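Residue-level structural notes
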Amino acid sequence: MENTLHIVVCAGIVPDPLQTLEPTTTPAGPGIKNEMVLPAVLDPWAASALYEAANLATKNPGSKLWLVSLGPKAKLQQVMMTIAQKVAFELVPIDGPIGGFPDAHATAAALAEAIAAIPGLDRNKLLLFGGWESASRGAGVTLQIVGERLGITDQFQGVDRIDLHDDGSFDVLERVEGGKHQVSVCAGAPAVLGWATGNLAEPRNNPQVGMANMRTIMPALQKAKTVALAADGLRYASVNLPKQQRTTRIEKNMTPDEIAAEIVAWIGENS
Amino acid sequence: MESILVLTHADETGATLTKASLEAVTAGKELAARLGAALTLGIVARHANDAAAQLSGAGARLLSVQGESYAQARFASDAAACEALWRAAQAALVLAPHSSRFARVMAAVAHRVGGVIDTHVTALGGAVDLEATRWFYRQRIEAALVRTTRPWFLLLDSGTHAPFAGETSQAIVDEIAIAVELPPLRTEVTGLRAPQQSQQTIRPDAKLLFVAGAGWTKKQPDGQVHVEEAGQLILDFLTASGASLGSSKSLVDQGGEGNSVLPFLTHLNQVGQTGSTPRHPKGLATCCHGEEPHVVGWRFIGERRAVSLDPNCGWTRGKADVVYVADAFKVIAKVNELLSQGIR
């Protein structure tokens, strides 16, 4: 028996990991200097969720996949030019602030409202995907609250794998302490799955998928609803780069034996 | 006056509180003393009697949710338990360990009770208002934040406080047990699975983090790759030193690209931007460039050393204390030899 799934992936956009980040103060609170001009990517763990979702949708004909993303329209468009070539999806854009400093609770409220308003979404078939933490706020809060707002009572975080059964139930592997996975079996949708790395490689660019996606993405971006995220009692007392800069001793002329002896002695020292 | 609830949970035995839970108790006691606040300790466990005994010397009110349903770390039951504990305590501030079990549920619980939450908290400070310190952008920017909304849930990263160790005595569990009405349970936890590898290489309590970079699988001076030799050297080192194994993304990803890989590495070993941020007193990087997306995962590593053939690698730019420009194959082989002789 085939399962028809309605998969919604929540994914933010973040600065490319190779960029240097410098905090600054904006009228709306803390932010990243020149954040609007820094190259941006789809949040890495959320991207894993998107690729896993597309794989699941492909394996289960009749399934639908939406990508819900909150960010400035211009940055969303930039990132979608790349992501749209990877997998087929329908974009639900929300025009809002970028970055890790806006409150996760307000972000979750905006995302939940947008998901609830998706035409044709069957909540009984809903698998809500996203990254278990973002590369910006890194809190692991937003997706959980979105699930709570949508009334979903089965949630999994740090997911690396799900195996769907014919009856709609699925096995799920979640990361837990000590490099282990917790194995659970869930009766089926609806459920929230916050993905870690997953098991799939990044799909290759497919221009045909890209062209098909862009036909719906551009109109969706034009119609994107603008939201303001309330601080709701949140205030930043300080925002700083780490102060620690080490004075590095570079040893170019030691023999392997000398280095090994030094390392072994160092390992044995009490720190 | 603020009131504080510390939520704790048992380990897989169902009767012993986790180390991270005991660390949260210490944080709660310190904060309660500083704010002059009333302290309540909440326990989620299969057998709360034994777990409560660990906290009987804490000088705080004890509450518990116990039973077979709480032997499993499952969203529906854990969220209901934590919500019930909060409703019994009605605390303004809620501290809990940032364990996988509580990280899975606590944002939902905060939402249910009309509160707010911050996670991965590394310090609680502030002279006037309570300030929670945490990292943003994967440990690249540190911020202290204040919230006026209550209840305020704070999940504390492990290793930020000493575990509570008070005198143990039998608590009166009947007086502290909270009844919980569970929703229909649609999820069953069936067990734990370790990665498919010959031995467990991730050791959170190890004194040393050993990171293997992509250089281990690259061509060596003889023009050949020596993946098997590299794997054996690394495993021998882990066995002799007791270190925990980390890796860079580039090495872990090679497995998905059909290249020669170290068979015992998985994404769980990955440290950095899209991996973990472990806490160890020392770290030794080998055959790793020390690029920023990897090094952000070293934020909580104390002393850092690196072995690299590249004298201009990232580690030399203020990211390590010592960089040895050398062939890691030769160095680690000698290190293993010394360790096997018991030399330290």
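Residues numbered from 1 in each chain as written. Chains lettered and ligands numbered in written order. Predicted model: local features only at pLDDT ≥ 70, side-chain atom pairs only at ≥ 80, totals over all residues.

Before going further, it helps to spend a moment on the overall build of chain A. Helix and strand counts for chain A come out as six helices and 15 strands. The principal-axis extent of the C-alpha atoms belonging to chain A is close to 65 × 45 × 40 Å. Expressed as a percentage of the 271 residues in chain A, the buried residues total 49%. At a minimum sequence separation of 6, the contacts of chain A that also span at least 24 residues come to 78%. (Helix = DSSP H or I, 4+ residues; strand = E, 2+ residues; numbered from the N terminus. Buried ≥ 20, exposed ≤ 12 C-beta atoms within 10 Å, placed from the backbone. Contact = placed C-beta atoms within 7 Å.)

Before going further, it helps to spend a moment on the overall build of chain B. Helix and strand content of chain B: nine helices and 14 strands. Within chain B, the fraction of its 344 residues that count as buried is 55%. Across chain B, the fraction of contacts at a sequence separation of at least 24, relative to all contacts at a separation of at least 6, is 67%.

A word on the interface of chain B and chain A. In many reports, interface size means the accessible area that the parts give up when they come together. With 80 residues of chain B at the interface, the matching set in chain A holds 72 residues. Pairing geometry for strand E15 (residues 249-251) of chain A and strand E14 (residues 322-325) of chain B, over three bridges, is parallel. When the bridges of E14(B) are listed, Ile250(A) appears paired with Val323(B). (Pairing = 2+ DSSP bridges.)

Packing of helix H6 (residues 256-268) of chain A against helix H9 (residues 328-340) of chain B leaves a shortest axis separation of 8 Å and a crossing angle of 50 degrees. By the angle between their axes, H6(A) is oblique relative to H9(B). Our pair here, H6(A) against H9(B), has a crossing hand that is right-handed. Together, Pro256(A), Asp257(A), Ile259(A), Ala260(A), Ala261(A), Ile263(A) and Val264(A) of H6(A) and Lys330(B), Val331(B), Lys334(B), Val335(B), Leu338(B) and Leu339(B) of H9(B) make up the contact between the two elements. Considered class by class, the residues forming the contact of H6(A) with H9(B) number 10 nonpolar, no polar and three charged. (Axes fitted to C-alpha atoms, helices over the stretch in contact; angles between N-to-C directions. Parallel < 35°, antiparallel > 145°, perpendicular 65-115°, else oblique. Left-handed = near helix turned anticlockwise from the far one by under 90°. Nonpolar A, V, L, I, M, F, W, Y, C, P; charged D, E, K, R; others polar.)

Attention now goes to unusual backbone geometry. In this structure, the amide linkage connecting Ala189(A) to the following residue, Pro190(A), adopts the cis form with an omega of 0 degrees. Positionally, Pro190(A) belongs in the loop between strand E11 (180-186) and strand E12 (191-195). Here the amide bond leading from Arg150(B) into Pro151(B) is cis, since omega sits at 0 degrees, within 30 degrees of zero. Considering the arrangement of structural elements, one finds Pro151(B) in the loop between strand E7 (141-147) and strand E8 (152-156). With phi around 50 degrees, Gln90(B) is a residue other than glycine that occupies positive phi space. Summarising the element assignment, Gln90(B) is placed in the loop between helix H3 (75-89) and strand E4 (93-97). Taking the C-beta count within 10 Å as the criterion, Gln90(B) has 11 such neighbours and is therefore assigned exposed.

Bringing the sheet that holds E15(A) into the picture now. Spatially, six strands are ordered E15(A)-E14(B)-E13(B)-E12(B)-E10(B)-E11(B) in an open sheet, and the strand pairing comes out parallel. In this open sheet, the two strands that pair with only one neighbour each are E15 of chain A together with strand E11 (244-247) of chain B. Adjacent strand axes in the sheet meet at a mean angle of 20 degrees, parallel and antiparallel pairs treated alike.

Counting residues in hydrophobic clusters, the biggest one holds 142 residues, and the most contacted among them are Val9(A), Leu50(A) and Met106(B). At 10 residues, H3(B) tops the list of elements feeding residues into this core. (Core = buried A, V, L, I, M, F, W, Y, C linked by C-beta atoms within 7 Å.)

The next thing to look at is the domain arrangement of chain B. All names here are of chain B. For chain B, the assigned domains are domain 1 (3-175) and domain 2 (208-340). Once you take the C-alpha centre of each, domain 1 and domain 2 turn out to be 35 Å apart. Counting residues at the interface gives five residues for domain 1 and five residues for domain 2. Taken together, the residues that form the side of domain 1 that touches domain 2 break down as one nonpolar, two polar and two charged. (Domains from an automatic or database assignment.)

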